[in-house]
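# Examination of the molecular architecture
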Amino acid sequence: MSDAYARDTTLVGADSRLYDRALDGVISLTVVGFALALLSLVQVVGLAASGPVLGEFMLALTAVTAGGVGVVAAFSWANVVPITSERLRGVAGGLLVATVLLTGVAYASDVTLAALLGWLLVVEAVVVVAAGAASRFGVVETTPDASAGLLAGGAFGAIGLGVGAGVGGSLVGFGSAAWVAVALVVGVALLVVTVVAREDVGSTVPAGLVVAVLGATIASAAIGVGWEWNPEVVSGGFTGGVVVPIFVLTGSLLSAWSAAKAREGFGAQGRQYGTFLVINLNALLMLVVMAAIVVFVTLKGVGYAFHGFEVGAASAFLATLPFLALAAQRASQPAGTEEWRGGARQLLRVLPVSAVGALSALFAYVVVTGRSLAYDFTYTVQVNRQPEVLDTSVSVTRSLVVGSPLVLVASVALLAYFFRRYGSLENVGDDLPLVGQVRRALPLVVGALVMIAGAFGILGANPFGVTALGGTVAYWIVVVAAVGAMALALAPLAGVLAGGDPRAVGERAVSVAPLFVVGAFGGLSVLLATAFLESTARTAPNVAGVPVVAFAAFVAAAGFLAVAVLLALGRGNVEETITSRLVDEEVTLSLAAAAGFVAVLGVHVAGTGVPFRVGPFAVATQGSLSWPMAMQAYIPLGAEPGGILPAIVGTVWLVVGATAFAVPLGLGAAVFLTEYAEQGNFTNLVEIATNALWSTPSIVFGLFGAAFLIPRLGGDESLLAGMLVLGFMLLPLVLITSREAIKAVPDEYRDASAALGVDQWTTIRSVVVPAAMPGVITGVILGVGRIAGETAPLILVLGSTLNSTEAVDVIGGFRFVAQPPFVVNDALTAASASLPTQVWAVIAAGVSGSPSMGWASAFILLMVVLSFYAVGITARTIFRRKLDYE
Amino acid sequence: MSSNFMSNARTTLLGQDASEGALLTVGSAALLLVATVGVFLVAPALALPTFVLFGLATVVSWVRHQAETARLLTLVATVSTVLTVTFITVYLFASAFPAVGEHGVGLFLIPVVDGNVRWFFWLDAVFPSGETYWNPLSGAYSLIPTIWATVVVTTISAFVAGPLGLFGALFISEVASDGVREVVKPAVEVLAGIPSIVYGFIGFQVLNGFIQTSFLDDGASFLIAGLVVGLMALPTVVSVAEDALSSVPRSMKDGSVAMGATQWQTMKSISIPAAFSGISAGLILGLGRAIGETMAVAAIMAAGVGLSNPLFDVFDAGATLTSLIATNYGSASESTIDVLFVAGVILFVIVAGMSVLSQFIERRMKEKLRGQA
């Protein structure tokens, strides 16, 4: 093992040398300088700042550094995140010392930030050159090669050319050709020094010289804050505000590379450390840029986007439930790597649960005390081309009314979550003949209900002018079906409770397992069909003021919840493992069923518009969530500007339409090309063509849509054309990812299926496609994320409206007509707003567009797109982990 | 001969061992679909009812002969995908044709400024020159300024995306630990997902002021647009180059490490040379993205159609091929639209060509590496 490895694990101690510490110090100085230059480039701090102003800023920077380094140090000390690398410890210590020193300098003198940065570079240059000299004269033990190499030589030659051109140009002027000569001389000189001299000199002296020149230029204010260079020939120029940060960035990078090399004693190890430092810095910069974009748009847009946001405590609580389930699942899984101490690991595991729990408690507090939580702030709107500041707030109110969409979303999420965890209860428990009969009859009953509902849906609530049909026949069918569903749903509870011994709950539950299956699936499907029948027949039966379907759903949900609680409590007394497992299954199924019945309750309220109340709680069509930005259209001449609902609805329909067009085609083609077609020239050609299509500029698709589709779809910019164009763009991606996913299915799967005598199509249907589905879904989600933000083609085919006042109503837009095409939909053939074109409209509107509204739209668009990406990437990670386990 | 053809067609349609009677149902569904396409081209209004008939026929044959129907449906999907691609291409070219016929090489008119033909490599020997080079009223349409603007913006973006992309790819594939890679790789993907209009809006709102104070310019320029577009092309370069670097066989790197080389020496002398063509494929693909980028450019830069003076003036501004289409299409006359189609075809050909080239390079590299592994 070389010294480098040995040093890696020793701690900073008496034996670490001045040489090492000085170079660690330089590396941290370059980091500080780099950060300061970036901050001044984006004008967080002015280059002209000096004295107390600069001091305060530096103090803040010191605090941030101390916080960051301190937390890591504390964790390291507590052995949670052990930092063993001496280099890292040295740099961290250096960071602290550097920021403290710079703060001191800023307060003590009246030097400007620009000059300070210049001196920083000079100091770095001196230390780097000193380190090179120390190595050359054998003061420290290093392992340099004979030369720094041609790569570094070439790089320094190029840098020398630039520096020489600058120096020469400012000395003799760009008018004469002399500056070219100076540039050439400096460039060649640096190249020669780098290549000819031994590595320790070759990689420190040229770097030191360049950095020193850059630093001296800034420190002497030859290029200072007020400096300007505005050449006649070009239409722009440079100012000190840009050049100084760029000089500092370049100088910092150079001296960091050089110092890092010297720190590891040159040679192969030194080169590696130097390059890795630059590569890591680059990666960090990329992440910083990304985070900066997202944070910047959020900061600019979030205020406007949430103006007047209001939510009832009950709704907020309901919305946290699915997250609670997820957080609980995370907490129940062991996580973390081995280096983490047990305590920290457990803390991280339970953190999400406790956060969600704290939130729920907060909402409960609002309900109990009746004091709503509110955060007041202001936002800017544009009135007659003048900005105007309005007061607004985000609040959680006391309201216990929950909207049906929220109920639906939350309960379906929970249903999906529990149902995924549920395995099967097939062939468990006693065979009850009655249950078997009910089971066989159920599909017929549900089918009949759906058919009746469909008939009412097509023919209207009062078909053939007979008023009695909807009002009477459907009424009674609904009542009977709802009561039947309720009876089914309560059967498991009855089965568990019947019979004396309370200690044998678990065993009894297992023996009546068929009741669970029939109660959950049968009850749910019957009641769901009933709810549909209700809404199509436009009848909402209620007995003694209680809406029957809602009541049935509520009782069923409560029944299943009670069963789940009973079984969860009674599970402790179960002795056999197999019984205990089965009881677990039943609990999961009961929870899923409870969530499902709540979802049916939501369907009922949404379908009939009749609210349902239990005590102070209520489920209504209009919930207590009010989010003007996302739930209102633009309000002309209103006190408040309203929101961008039409754009959101438009984007939703665009995505739905494009997906509906592209996914079946792309998936079908992928199946054919991979499973049926012979692999050869044709499939290769299709692959190359789809890849080419995928990278074709989106505006070209827009051109095609505008010139070909629009004249054939009514002659105006239309939603349908937008859907198709985005579908064309999505198609190649779906095809590519589906093909990759299908190809990745191992051939063993196909062979095993074929060996069982299964024909090709059945193999594809039940083996290949299910195995490829995760990849396909991930690809589709990522592709949808991309087309959701696509703007260029939409400008051509969808138009862009600034203040749209009406959202498209696609579902309600269908009409039957007597002449072909027999079905028309005016909403589909009309222009619509969409999120990306909304942002573009603000730009195109110039001074009459409201910047704050644009930021808010951009923020919402960014959030929509990023959530698609987040879901897609998470899904891929999960699927991949699963595959790895298999 | 004809019976041979029939049986071929039958095998393609139904597969090897089709059950009897499948031909009738599946065939009728297929015929109805063909009819739908035909009807759409002739009388669009009747297309929907025909398509519904196709749907009914499919449902019937799905119930009776599921395997054959499924095969037909996937075949239909393939054919429609291929047809869509072909059709878009053909239509673009056909639409661009009238303008080419009308203006000919006039589309590549070299501007004359102050009596001097603008020096433009050797092009002024081939193409005509004139005082007016973009004036829809007088029928002068030169695409040279927009092409040049595209070239300038793309070149600047290459200087951003190239080195940063290579370093980023090296970081992800070679330097980063597994845990860090799990974070950085998706982050790069997300960076690719930020919609271009968001970049455009940031540029429109923020950069303009910054440019006026810091670059003494009256608005965003090629330089700024190039930097932004380079940032947008960066993720593409990173992911394709990273893909190439990761496909270098483990054994090659292990051999180098076993000889006592450091990680960086291995990267420099083994991974990068072996993956060089893949990395350049990534850069090509990234530049294709940069050329096709529309909204950021259209939102940031003023969309004039003048030629920058002097040519290397990166502080000038002008429409690129993409932003020319985006900003002019809405208000364009018939003949201008034809010219915009020529711009579209140029874009299409260049970018599709770059994509095909990069795929070719990538395939060759993978084959070569497979041979060595």
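These numbers come from a predicted model, not from an experiment.

Cut-offs and rules
- Residues numbered from 1 in each chain as written.
- Chains lettered and ligands numbered in written order.
- Predicted model: local features only at pLDDT ≥ 70, side-chain atom pairs only at ≥ 80, totals over all residues.
- Heavy atoms only, no water.
- Helix = DSSP H or I, 4+ residues; strand = E, 2+ residues; numbered from the N terminus.
- Areas by Shrake-Rupley, 256 points an atom, 1.4 Å probe, with all protein chains shown as cover.
- Buried < 20%, exposed > 50% of the residue type's maximum accessible area, 1.4 Å probe, protein only.
- Contact = heavy atoms within 4.5 Å.
- Axes fitted to C-alpha atoms, helices over the stretch in contact; angles between N-to-C directions.
- Parallel < 35°, antiparallel > 145°, perpendicular 65-115°, else oblique.
- Left-handed = near helix turned anticlockwise from the far one by under 90°.
- Nonpolar A, V, L, I, M, F, W, Y, C, P; charged D, E, K, R; others polar.
- Pairing = 2+ DSSP bridges.
- Buried area = accessible area lost by both parts, 1.4 Å probe.
- Salt bridge = Lys/Arg side-chain N within 4 Å of Asp/Glu carboxyl O.
- Polar contact = N/O pair within 3.5 Å; in protein donor to acceptor, adjacent residues only side chain to side chain.
- pLDDT = per-residue confidence, 0-100.

## Focus: the overall build of chain B
In terms of regular secondary structure, chain B is built from 14 helices and five strands. Of the roughly 16200 Å² of accessible surface on chain B, 68% is carried by carbon and sulfur atoms.

## Here's the deal with the overall build of chain A
For chain A, the count of helices and strands is 30 helices and twelve strands. When each of the 886 residues of chain A is scored for burial, the buried share is 48%. Partitioning the contacts of chain A with sequence separation of at least 6, the portion at a separation of at least 24 is 77%. Summed over all atoms, the accessible surface of chain A reaches about 40200 Å², with 68% contributed by carbon and sulfur.

## A closer look at unusual backbone geometry
All names here are of chain A. Positive phi outside glycine occurs at phenylalanine 266, with the angle close to 55 degrees. On the secondary structure map, phenylalanine 266 appears in the loop between α10 (240–263) and α11 (267–305). Accessibility expressed as a relative area gives 0% for phenylalanine 266, which makes it buried.

## Thoughts on the packing of helix α22 (residues 645–676) of chain A against helix α27 (residues 760–788) of chain A
Two quantities define a packed helix pair, namely the angle between the helix axes and the distance between the axes. All names here are of chain A. Contact pair α22 / α27: the axes reach a minimum separation of 10 Å and the direction vectors enclose 140 degrees. The pairing of α22 with α27 is recorded here as oblique in orientation. For the crossing formed where α22 meets α27, the hand is right-handed. Together, Thr651, Val655, Ala658, Thr659, Val663, Leu667, Val671, Glu675 and Tyr676 of α22 and Gln760, Trp761, Ile764, Val768, Val769, Met773, Val776, Val780, Val784, Ile787 and Ala788 of α27 make up the contact between the two elements. Within the contact of α22 with α27, the residues separate by chemical class into 16 nonpolar, three polar and one charged.

## What about the pairing of strand β10 (residues 617–620) of chain A?
Within a regular beta strand, the side chains point alternately toward one face of the sheet and then the other, so they alternate between its two faces. All names here are of chain A. Bridging between strand β6 (residues 401–403) and β10 involves three bridges; their strand directions are parallel. Among the inter-strand pairings, valine 402 is bridged to a residue of β10, identified as valine 619. Following strand β9 (residues 612–614), the chain reverses through two residues before pairing antiparallel with β10; glycine 615 in that reversal takes a positive phi of roughly 60 degrees.

## Concerning the interface of chain B and chain A
Each partner contributes to the interface: chain B provides 93 residues, whereas chain A provides 96 residues. A combined buried area of about 8400 Å² lies between chain B and chain A, and 77% of that area is made up of carbon and sulfur atoms. When the shortest N-O distance is used, the salt bridge between glutamate 687 of chain A and arginine 363 of chain B registers 3.5 Å. Where chain B touches chain A, the interface holds 13 residue pairs in polar contact (both at pLDDT 80 or more). By residue number, the principal contributor to the side of chain B that touches chain A is helix α4 (residues 66–103) of chain B, which donates 17 residues.

## Observations regarding the sheet that holds strand β3 (residues 310–312) of chain A
What links the strands of a sheet is backbone hydrogen bonding, and the strands pair in either a parallel or an antiparallel sense. Residue and element names in this part refer to chain A. With mixed pairing, the three strands of this open sheet are ordered in space as β3-β5-β4. At either margin of the open sheet sits one strand with a lone partner, and together these are β3 and β4 (373–383). The average angle at which neighbouring strand axes cross in this sheet is 20 degrees, direction not considered. Bridge count between β4 and strand β5 (residues 386–397): eleven bridges; the pairing is antiparallel. The residue bridging tyrosine 379 from the neighbouring strand is leucine 390, located in β5. Along the sheet, helix α12 (residues 313–332) makes contact with β3 and β5, crossing β3 at roughly 80 degrees.

## Looking at the pattern of salt bridges
The tally for this structure, following the rule as stated, stands at 17 salt bridges over all chains. Close ionic contact of aspartate 24 of chain A with arginine 263 of chain A constitutes a salt bridge, the shortest N to O distance being 2.8 Å. On the criterion of sequence distance, the pair formed by aspartate 24 of chain A in helix α2 (residues 18–41) and arginine 263 of chain A in helix α10 is long-range, its members being 239 residues apart. Each member of the pair, aspartate 24 of chain A together with arginine 263 of chain A, is buried. Notably, a salt bridge pairs lysine 185 of chain B with glutamate 242 of chain B, separated by 3.6 Å at the nearest N-O pair. Taken together, the positions of lysine 185 of chain B in helix α6 (residues 178–193) and glutamate 242 of chain B in helix α8 (residues 222–246) put the pair 57 residues apart, joining distant regions of the chain. Look at the salt bridges and you will find they share partners, linking Asp145, Glu199, Lys261 and Arg271 of chain A into a network.

## So, the confidence of the model for chain A
Confidence along chain A averages 82 in pLDDT terms, with 93% of residues attaining 70 or more. A low-confidence stretch, residues 1–15 of chain A stays under pLDDT 50, and its non-local contacts, those more than four residues away or across chains, total 20 contacts.

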